[in-house]
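Examination of the molecular architecture
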Amino acid sequence: MAKDRFTDQMQAYGRWKHDLIEAVMKYQNWLDENGMSTPEAELRIFELIDALRSDQLTIAFVAEFARGKTELINAIFFSEYDRRLLPSEAGRTTMCPTELLYDSEADQSYIRLLPIETRLEDTSIQEFKKQPIHWTTIELDTGSSEKMADAFREVVRTKTVTAERAQELGLLEPGQPVEAGEKVTIPMWRHALISFPHPLLKEGLTILDTPGLNALGAEPELTLNMLPNAQAVVFVLAADTGVTKSDMEMWNHHVKPLGGDARHGRIVALNKVDTLWDELKDEATVAATIRAQRDTAAKMLGIDPENVFPVSAQKGLLAKIRHDQELLERSNILALESILSQDILPQKQHIVRENVVSEVGAMAQTSRDLLASRLADANKQLSELRNLSGKNEDVIAHLMKKTREEQITYHKSVESFQANRKIFSEQHKLLLKTLSLAELDRLMSKTRKEMTKTWTTAGLKAAMKEFFDITNNTIREAGQQVDKVNTLVQTIYRKFHQEHGLAEVKPKLFSFTRYKREMERLYHEAEAYRTSPLTTMTEQSFVVKKFFISMVSHARNVFFNAHQDAEAWGKAAMAPLVARIKEHKSQMERRLESLRRINESRDTLQSRIEALEKQVAKLSRQLADIDAMMETINKPLESFMPEAEDSGSAQVA
Ligand SMILES: Nc1nc2c(ncn2[C@@H]2O[C@H](COP(=O)(O)OP(=O)(O)OP(=O)(O)O)[C@@H](O)[C@H]2O)c(=O)[nH]1
Ligand SMILES: [Mg+2]
């Protein structure tokens, strides 16, 4: 089997995370054992381990209806059930956004369904997720794939309601005429969560299957929160329909805008190429037809043809179930899988590295620096003492005097450091206050009140503008405060370094850019939405309201994350310097103590030297320990080089 199968690589990723968690825990124990732990470090490590344990990789499938999203999911991830696990049929099948994941906190596999009527409430899906009581829960029997597939059929259920009701729920197209008493079919559920212990899901994979275009438009939270939060979006076209107007609309409005950011992988699949297979034509002609379709699709989407993957989900699933190697190759499903493993996973790992590894790495580096300085000091003392043998008391007295003087100057600069630290803490508090959720919540509830009062589009637009103008201002203020606090930190570090000549420690600065960028994106999106001619229709007021609510909750999330981040950063910002100061202080005390003891009784010189030699040996061992731990922490993902014959550029014949 090819080594670049997504399944294998995802499991390698899981092992990497597992090893990393172990290494971080080992580091924590090591800190404890060596008396180098602080409450701040302990808390931070706890948070980092928690972040690693709950780390998720989300892959979303987006396309017009019936392009084969669900079939692709079945073929790539769930073929070992030897059947079509998720319902996929001609016409509209998937009725609501469906997340497949593993909820490690639940004691039973389940399907949770959020009733469509919850659309009438001002609560976002994100918030509903925290309240299982609003969901209909079905226990999932994972013992049989038939029973599972049966249970999954619940997700695609629909019901018939009057057109007025559908309109009330915001499920009719804008401007669609409604006749009194007319019946329409609507989805039964608004959102589905499916949790079961599948190996990939257990590794933290979340798959988001979505219904076609209208559903996307009607559930702004999907396009505003869920898709931008996914690490990869697979956009599916179908060879039997070609690129239609509604495919283009979806691409331009919902998928293309996600691609500007390096954090998001965007993959285009041209599905159903088996409809072009023709036994009456030779393979070269069929391949040329597929290539031509791929090129046309790429041109229309404005991307490189290399980035469009011609596949057959249906044949891929069939081939995997039947273990038909030839058909599997022809389906080209593996090429798509290898893109997921070779592009998306390393990208994801890169983000985890940036967020977690860099931080633990920096902590470990601080410990290492501390040890190295202890070792240097012990060696220095050792050579001092060795030089003392045979010297008179005056020399020792002189050394003691010098050390005491050093101590006094040092204490003075520590005092000035404490004063600076207080200023830092005040400025940091100001930053937290600017990012405070309490303020934002007040603004949110005020805006919500205004929104409930007004159902006119103009009123909603005014509320929207006010909200975003105020938050935009707040973000600008916060940005200025961040600059101020960062400059302060740099000054404090530099000053201490200059006055004390301690080995230079570089402070970690607070990075606010991604929050600023995210809010800018939201602002522009709100602006575009407000001024779009679509939203001038009164029927749209429902969608405007929904849209706004999901934007506001997104903005709240940005603030929440920024606040948390700033808080954690503030706690850690002075830590390396404080550690250095403490260390230097106790080193001086140790030297003085050792000199004093020698001065009092000459005999202890030899035993002091021996004790120091032991200490040097111990410190060297500790250094080796931490070096080994740092190596595990920085270990790259096991490399899974693709084998030549099934590399990503495999041809579809
Ligand atoms: N010939 C062929 N048919 C396919 C292929 N993939 C999917 N189909 C069929 O296309 C139809 C739609 O597939 P789905 O997987 O339900 O499509 P979807 O994109 O999930 O559609 P919605 O859930 O309605 O948004 C089904 O009848 C599938 O059997 C393929 O590779 N080849
Ligand atoms: Mg589907």
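Scroll up to find the structure.
Residues numbered from 1 in each chain as written. Chains lettered and ligands numbered in written order. Predicted model: local features only at pLDDT ≥ 70, side-chain atom pairs only at ≥ 80, totals over all residues. Heavy atoms only, no water.

**Looking at the coordination of the magnesium ion (ligand 2)**
Rule in force here: Note that water is not among the atoms used; donors are N, O and S atoms within 2.8 Å of the metal (3.2 Å for Na, K and Ca), so sites may look incomplete. Strands here are runs of E lasting at least two residues and helices are runs of H or I lasting at least four, both read from the DSSP assignment and numbered beginning at the N terminus. Here the term buried applies to any residue with accessible area under 20% of the maximum for its type, exposed to any over 50%, and partly exposed to those in between, with areas from a 1.4 Å probe on protein chains only.
Summarising the metal site, the magnesium ion (ligand 2) is bound by the protein donors Thr 70 (OG1) and Thr 94 (OG1), whose distances to it range over 2.0 Å. Taken together, the positions of Thr 70 in helix 3 (residues 69-77) and Thr 94 in the loop between helix 3 and strand 2 (98-101) put the pair 24 residues apart, joining distant regions of the chain. As far as the burial class goes, Thr 70 and Thr 94 line up, both buried.

**A few points about the site of ligand 1**
What counts, and what does not: Summary of the distance rule: residues count as near a molecule or strand when at least one heavy atom falls within 4 Å of that molecule or strand. Here a polar contact is recorded for every N or O atom pair within 3.5 Å, except that within protein the pair must consist of a potential hydrogen donor and a potential acceptor, and residues adjacent in sequence are included only if both atoms are side-chain atoms. Residues are grouped as follows: nonpolar covers Ala, Val, Leu, Ile, Met, Phe, Trp, Tyr, Cys and Pro; charged covers Asp, Glu, Lys and Arg; every other residue, Gly included, is treated as polar.
Neighbouring ligand 1 are 24 residues; Ala 66, Thr 70, Thr 93, Thr 94 and Asp 274 lie closest to it. Contact distances for ligand 1 include 2.7 Å between an oxygen atom and a backbone N or O atom of Ala 66. At 2.7 Å from an oxygen atom of ligand 1 is found a main-chain nitrogen or oxygen belonging to Thr 93. Secondary-structure elements contributing two or more residues to the shell around ligand 1 are helix 3 and helix 12 (313-322). Considering every element that reaches the shell around ligand 1, the biggest residue donor is helix 3, with three residues. Residues belonging to the shell around ligand 1 are distributed by class as follows: five nonpolar, 11 polar and eight charged.

**What to know about the packing of helix 3 against helix 12**
Worth spelling out the cut-off: Lines fitted to the C-alpha atoms define the axes, with helices restricted to the stretch that makes contact. Angles between their N-to-C directions range from 0 to 180 degrees. Note on terminology: angles under 35 degrees are roughly parallel, angles over 145 are roughly antiparallel, angles of 65 to 115 are roughly perpendicular, and the others are oblique. Each crossing gets its handedness from the near helix: less than a right angle anticlockwise from the far helix is left-handed, clockwise is right-handed. Whether two residues are in contact is decided by their heavy atoms, any of which lying within 4.5 Å being enough.
Where helix 3 meets helix 12, the closest approach of the two axes is 8 Å, and the angle between their N-to-C directions is 30°. Taken together, the axes of helix 3 and helix 12 are roughly parallel relative to one another. Crossing angle aside, the handedness with which helix 3 passes helix 12 is left-handed. When helix 3 is examined against helix 12, the residues Glu 71, Leu 72, Asn 74, Ala 75 and Ile 76 are found in contact with a partner set consisting of Ala 313, Gln 314, Gly 316, Leu 317 and Lys 320. A breakdown of the residues in the contact of helix 3 with helix 12 according to their chemical character gives five nonpolar, three polar and two charged.

**Points about the packing of helix 14 (residues 333-388) against helix 20 (residues 575-600)**
Where helix 14 contacts helix 20, the axes come no closer than 11 Å and their chain directions differ by 20°. Classified by the angle between their axes, helix 14 and helix 20 sit roughly parallel to one another. The interaxial crossing formed by helix 14 with helix 20 has right-handed handedness. Contacts between helix 14 and helix 20 pair Thr 366, Asp 369, Leu 370, Ser 373, Arg 374, Asp 377, Lys 380, Gln 381, Glu 384, Leu 385 and Leu 388 from the former with Pro 576, Ala 579, Arg 580, Glu 583, Gln 587, Arg 590, Arg 591, Ser 594, Leu 595 and Ile 598 from the latter.

**Re the packing of aromatic side chains**
For any two aromatic rings, the description comes down to two numbers: the centre-to-centre distance and the angle of the planes. Quick reminder of the rule: Only the six-membered ring of Trp is used, alongside the rings of Phe and Tyr, when aromatic pairs are assigned; centres must lie within 6.5 Å, and planes under 30 degrees apart are stacked while those over 60 apart are edge-to-face, with the rest tilted.
Following the criterion strictly, the structure yields 15 aromatic pairs and no others. Each ring, one from Phe 6 and one from Phe 77, has its centre 5.7 Å from the other, and the planes form 85°; the classification is edge-to-face. Placement of Phe 6 in helix 1 (residues 6-33) and of Phe 77 in helix 3 is noted, with a sequence separation of 71 residues between them. Neither Phe 6 nor Phe 77 differs from the other in exposure class; each is buried. Seen from their ring centres, Phe 512 and Tyr 515 are 6.1 Å apart, and the 45° between their planes marks the pair as tilted.

**Digging into the sheet that holds strand 11 (residues 308-310)**
The strands that make up a sheet pair up through hydrogen bonds in the backbone, lying either parallel or antiparallel. Using the following cut-off: Pairing between strands is defined by DSSP: at least two bridges between the two strands are required.
Sheet architecture is open: nine strands sit in the order 4-3-7-2-8-1-9-10-11, paired in mixed fashion. Every other strand in the sheet has two partners, leaving strand 4 (136-139) and strand 11 as the edge strands with one partner each. Within the sheet, the average angular offset between the axes of one strand and its neighbour, ignoring direction, is 20°. Relative to strand 9 (residues 232-238), strand 1 (residues 57-62) runs parallel, the two sharing four bridges. From the neighbouring strand, Val 62 faces strand 9, where its bridge partner is Phe 235. Those strands touched by helix 9 (residues 220-229) are strand 1, strand 2, strand 7 (189-195), strand 8 (205-209) and strand 9, and its axis lies near 155° from that of strand 8.

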